[in-house]
Amino acid sequence: MNILVDADACPVKGIIEKIAKEYALSVYMFTDTSHELYSEYSKVITVSKAPDAVDFALMNHATKGDIIVTQDYGVAAMALGKGAYAIHQSGLCYTNDNIDRMLFERHLAKEGRRRKGHAFHGKGPKKRTSEDDVRFEDSFRNLILTIMKGR
């Protein structure tokens, strides 16, 4: 099991590395050339700034049983399709039971914006709190332990 991170806008990289070290798991951080990322623990993979380049590189490296950390529902769906696990930076685990609904809601929101004739996205996400970090850490650790027990 490896941990692959869509790292461009990921606020939990430090938490991921801390927990990965505890379980001696390899971490791969994927980013594009518009971001500088250095790590003493993770392998950083930098790809071109082309649209979806990080997503495609990450999915090309993903294998069954890996954990993918992403806030992108499309990447999560592809991960699940490969037999990998996927978790959002909020701590929500993507599953085959919830991904279709999430993709559909994303589609509806995009259609609503398109019909209005502009690219309004709303206020954006609320400010991240320490409670958000705790929730992610708990969910991430529980996911790892669940996978390890199932082996």
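See above for the structure.
Note that the structure is a prediction, hence the values are computed from the model and not measured.

Parameters at a glance
Each residue is numbered by its place in its chain's sequence as written, counting from 1. For this predicted model, a pLDDT threshold of at least 70 governs which residues receive local features, and a threshold of 80 or more governs which side-chain atom pairs are given and counted, while totals over whole chains, interfaces and linings are taken from all residues. Excluded from the side-chain calculations are hydrogens and water; all other atoms, namely the structure's heavy atoms, are used. Only one rule defines a salt bridge in this text: a Lys or Arg side-chain nitrogen within 4 Å of an Asp or Glu carboxyl oxygen. Put simply, DSSP marks the helices as runs of H or I at least four residues long and the strands as runs of E at least two long, and each gets a number from the N terminus on. For every residue, the accessible area (1.4 Å probe, protein chains only) is compared with the maximum for its type, and the residue is labelled buried under 20%, exposed over 50%, or partly exposed between those bounds. When checking whether two residues touch, look at their non-hydrogen atoms; a contact exists if any pair is within 4.5 Å. Positive residues here are Lys and Arg, negative ones are Asp and Glu, while His and the chain termini are left out of the count. Among the buried residues, those of types Ala, Val, Leu, Ile, Met, Phe, Trp, Tyr and Cys that are joined through side-chain atoms within 4.5 Å form a nonpolar core.

Draft legend 1. Here's a closer look at the pattern of salt bridges. In this structure the tally under the stated criterion is 5 salt bridges. In this structure, the salt-bridge partner of Lys18 is Glu137, at a minimum N-O distance of 2.7 Å. A residue pair is termed long-range when its members are at least 10 positions apart, and Lys18 in helix H1 (residues 13–22) and Glu137 in helix H5 (residues 130–149) qualify at 119 residues. Residue classification places Lys18 among the partly exposed positions, given a relative accessible area of 40%. Taken together, the shared-partner salt bridges connect Lys18, Glu22, Glu137 and Arg141 into one network.

Draft legend 2. Highlighting H1. Within H1 the residues assigned to the buried category are Ile15, Ile16, Glu17, Ile19 and Ala20. The inward-facing, buried residues of H1 abut strand E1 (2–6), strand E2 (26–32), strand E4 (67–69) and H5.

Draft legend 3. Spotlight on the side chain of Asp32. Residue placement: Asp32 occurs in strand E2. For the buried Asp32, no salt bridge is present, and the opposite-charge side chain at shortest range is Lys49, 6.3 Å distant. The residues touching Asp32, leaving out its near neighbours within four places in the chain, are Asp8, Thr46, Val47, Ser48, Lys49 and Val54.

Draft legend 4. Structural detail: the nonpolar core. Ranked by size, the top nonpolar core spans 21 residues in total, and within it Ile3, Val5, Ile16, Ile67, Val69, Phe136 and Phe140 carry the most contacts. When contributions to this core are tallied by element, the ones reaching two or more residues are E1, H1, E2, E4 and H5. Not counting chain neighbours up to four residues away, the residues in contact with Phe136 comprise Val12, Ile15, Ile16, Val69, Ile87, His88, Gln89, Ser90, Gly91 and Arg128. If you look at the next biggest cluster of nonpolar residues, it comprises 19 residues, including Ala76, Ala84, Ala86 and Ile99.

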